[in-house]
Amino acid sequence: MQKLYFFSFRKSFLLAGIILFSVQLSKAQSTYLPDSYQLYQKFNADIYSTKTAFHTSMRPFLIDSLIQHSYDSLMNVGVSDKYKSWFNRKLFNEHLFDVKRPDYTFYGDVILDLTAGKDFTGKKSTYLNTRGYQFGGTVGKNFSFFTSGFENAAKFPTYYNNVVNANQFIPGQAYLRNYVGIPKNSADWSYVTAILSYNVTKNINVTLGEDKMFIGDGYRSLLLSDYAANMPLLRITANLGKHVQYMATWAYIEDTHETKFDVFGSNRRKWAFFHYVDWNVSNRVSFGFFNALISPEADANGNRRGFDVNFINPLLFSSSLGPSQQPKDNTLVGFTAKYKILDKTALYAQLLLDRFKASDFFSGNNADNTNGVQVGIRGADLLAVKHFNYLFEFNTVKPYTYQNSNTISSYNFYGDPLAHPLGANFREVLGILNYSIGRIDLQGQVNYAKYGLDNLITDNNGKTVNKPFVPTDNTTTTIGQGISTQLYYAEGTISFLLNPKYNLRFELSGLYRKESNALADNKTTMLTFGLRSSFRNLYHDF
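Cut-offs applied
Residues numbered from 1 in each chain as written. Predicted model: local features only at pLDDT ≥ 70, side-chain atom pairs only at ≥ 80, totals over all residues. Heavy atoms only, no water. Helix = DSSP H or I, 4+ residues; strand = E, 2+ residues; numbered from the N terminus. Buried < 20%, exposed > 50% of the residue type's maximum accessible area, 1.4 Å probe, protein only. Contact = heavy atoms within 4.5 Å. Areas by Shrake-Rupley, 256 points an atom, 1.4 Å probe, with all protein chains shown as cover. pLDDT = per-residue confidence, 0-100. Phe/Tyr/Trp six-rings, centres within 6.5 Å; stacked < 30°, edge-to-face > 60°. Lys NZ or Arg CZ within 6 Å of the ring centre and 35° of its normal. Pairing = 2+ DSSP bridges. Salt bridge = Lys/Arg side-chain N within 4 Å of Asp/Glu carboxyl O. Core = buried A, V, L, I, M, F, W, Y, C linked by side-chain atoms within 4.5 Å.

Draft legend 1. Expanded view of the overall build of the protein. On a plain count of helices and strands, the protein comes out with seven helices and 25 strands. Within the span of the protein, comprising 542 residues, buried residues form 55% of the whole. Here the contacts in the protein between residues at least 6 apart in sequence split such that 66% fall between residues at least 24 apart. For the protein, the accessible area works out to roughly 23,500 Å², and carbon and sulfur atoms hold 61% of it.

Below is the structure:
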């Protein structure tokens, strides 16, 4: 039987937070900015300017002097002195709670996502009923905190519901609750984000809590994305001089697919370790180096593994290449690059290396070589139109990438991929355009993907990261192997902003999705409208 270390781990997090809070304050700023593609793209003009050298490839951001002006501007869109009453000020201008003192700040809001929709193809109604909160603030100039929580009920379109039912998990959020009283074909779930951020010195930040991370400059990441759920983590970020930023993260994650054997029937657990170095060679050019280690806390018999010094080794690559690496661990190495070809326009790329055999590395069709590639371009003020942001991206990952012969060590959390939502064995192209004028925001997105599905649950064509990788000699692979499937996805939204402080808005959205293969054509045509708020990424484009 596996011994339980979960509660001691949480207590360690709390103790660390108290220690951090008690340290003498420094002069650095460390305000946490929740990760949201819709919000972050509006900083494109600043962070992809050839006049700046911002570290763009690690999210969420901490607000600094470079983006402070733009952030303040975004938080005052539509704010007007004409709203005099308390109710109107809170509805259109301010946080529900907003305290600003010389030594501390505090804000809080009630968060609502209330939408109703119609799936015309599936001939069913859909809805989302979210009630939540967000609180945040600062103490001095170097300590910030943020928390948000969401209680949700929903009825999804058929394709999304199939994903939820297959994993019993709402992608990127939480467990699907199953109890008497939930309406048929409906879902109920809740989740929380909580972060403490502290600048130990001017150049070293420590972040503690339950959150997500994203590595890269793209909409997708092949290295580490925010598609999976919030994870308990401890993250250290250090600026080494003016040009190098280093990150080391220790996380404690779970696997819902493995056999449970402890006294509470809890999920099997594993450690995740991430290192990333981003080097701004100049204002135009940057390179990044990434590695990850997934290590089970105990074996299939409940025997907890001994302490490995590489678990706390802060040196890049040491956790994956060190001599004490365990045979059941899963390691990945990645590289990022960015080049600002024009002011406010950047080319970016990622290379992921999972397993590779040097002699066959360029053959492109051997199961010993599992890797992924991303290339893209993004920027601001397209066609010289201010606030017209754009992104175009290509992603491809070979079959069996992220898998491991020991399935608990696969690159997933709660069964969801830690990188791309499609897992592996796919190619994808996508484009996103966004334009805002005053309170009105317009966004359009199109995706096309080709991938290979499994015909039977026992099949493994290399797409599902949770399935076991079985090493074989001279096995050729091709992207799309299995049931060759094509995905077409398009979504357009128009929103009218009511309150910029917590992104309260009316939003109208139209979605078209078609998944086509030799067995079936599954289509979804949907229209939704509602009152929405908060800054977070909720993915439906898979």
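Draft legend 2. Structural detail: the confidence of the model for the protein. In this model, the protein carries an average pLDDT of 87, and 86% of its residues clear a pLDDT of 70 or more. Per-residue pLDDT stays below 50 along residues 1-28; that stretch engages in 58 contacts with residues further than four places along the chain or on separate chains. Below pLDDT 50 for its whole length, residues 317-325 participates in 21 contacts with residues either more than four positions away or in separate chains.

Draft legend 3. Quick look at the packing of aromatic side chains. Scanning all chains against the criterion turns up 33 aromatic pairs. Relative to F135, the ring of Y133 has its centre 5.5 Å away and its plane inclined at 35°; by these criteria the two rings are tilted. Seen from their ring centres, W271 and F273 are 6.4 Å apart, and the 20° between their planes marks the pair as stacked. With respect to burial, W271 and F273 carry one shared label: buried. Pairwise contacts between aromatic rings join Y37, F156, Y159, Y160, W189, Y219, Y227, Y539 and F542 into one cluster. Geometry around F214 places R59 over its ring, the cationic atom sitting 3.9 Å from the centre. For the cation-ring pair, R536 lies above F150, with the distance from its terminal atom to the ring centre recorded as 3.9 Å.

Draft legend 4. Examining unusual backbone geometry more closely. R59 connects to P60 through a cis peptide bond whose omega is 10°. Structurally, P60 can be placed in the loop between β2 (58-59) and β3 (62-63). Positive phi, normally seen in glycine, also occurs at D381, with a value near 55°. Mapped onto the secondary structure, D381 falls in the loop between β17 (370-379) and β18 (388-397).

Draft legend 5. Expanded view of the pairing of β17. Counting buried residues along β17, seven of its 10 residues qualify, which places the element largely inside the surrounding structure. Relative to β17, strand β16 (residues 345-355) runs antiparallel, the two being bridged by 10 bridges. Counted as the bridge partner of A349 is V375 from β17. In this sheet, β18 lies alongside β17 in antiparallel orientation, the contact comprising eight bridges. Bridged to V375 within β18 is F394.

Draft legend 6. Focus on the pattern of salt bridges. A full pass over the atoms with the stated rule returns 19 salt bridges. Between R59 and D35 there is a salt bridge; the shortest N-O distance is 3.6 Å. Of this pair, R59 sits in strand β2 while D35 sits in the loop between β1 (31-32) and α2 (37-40), and the two are 24 residues apart along the sequence. For R177, the salt bridge goes to D188, with nearest N and O atoms at 2.5 Å.

Draft legend 7. Layout of the nonpolar core. W189, F274, F290, Y402, Y411 and L418 are the most contacted members of the largest nonpolar core, which has 67 residues in total. Apart from residues lying up to four places away in sequence, L418 is in contact with L224, S225, A228, M231, I253, I294, Y411, N412 and F413. Counting residues in hydrophobic clusters, the runner-up holds 14 residues, among them I47, F61, I63 and A346.

Draft legend 8. The environment of Y339, seen in detail. Mapped onto the fold, Y339 is located in strand β15 (residues 330-342). Each residue touching Y339, except ones within four places of it in the same chain, is listed here: R284, V285, T345, A346 and L347.

Draft legend 9. Main features of the pairing of strand β11 (residues 231-240). Pairing geometry for strand β9 (residues 204-211) and β11, over eight bridges, is antiparallel. Bridging from a neighbouring strand, V206 pairs with I236 of β11. In terms of strand pairing, β11 meets strand β12 (residues 244-255) through eight bridges, oriented antiparallel. Its bridge partner lying in β12, L234 is registered against W250. In this antiparallel pair of consecutive strands, β11 and β12, the connection spans three residues, and G241 shows a positive phi of 75°.

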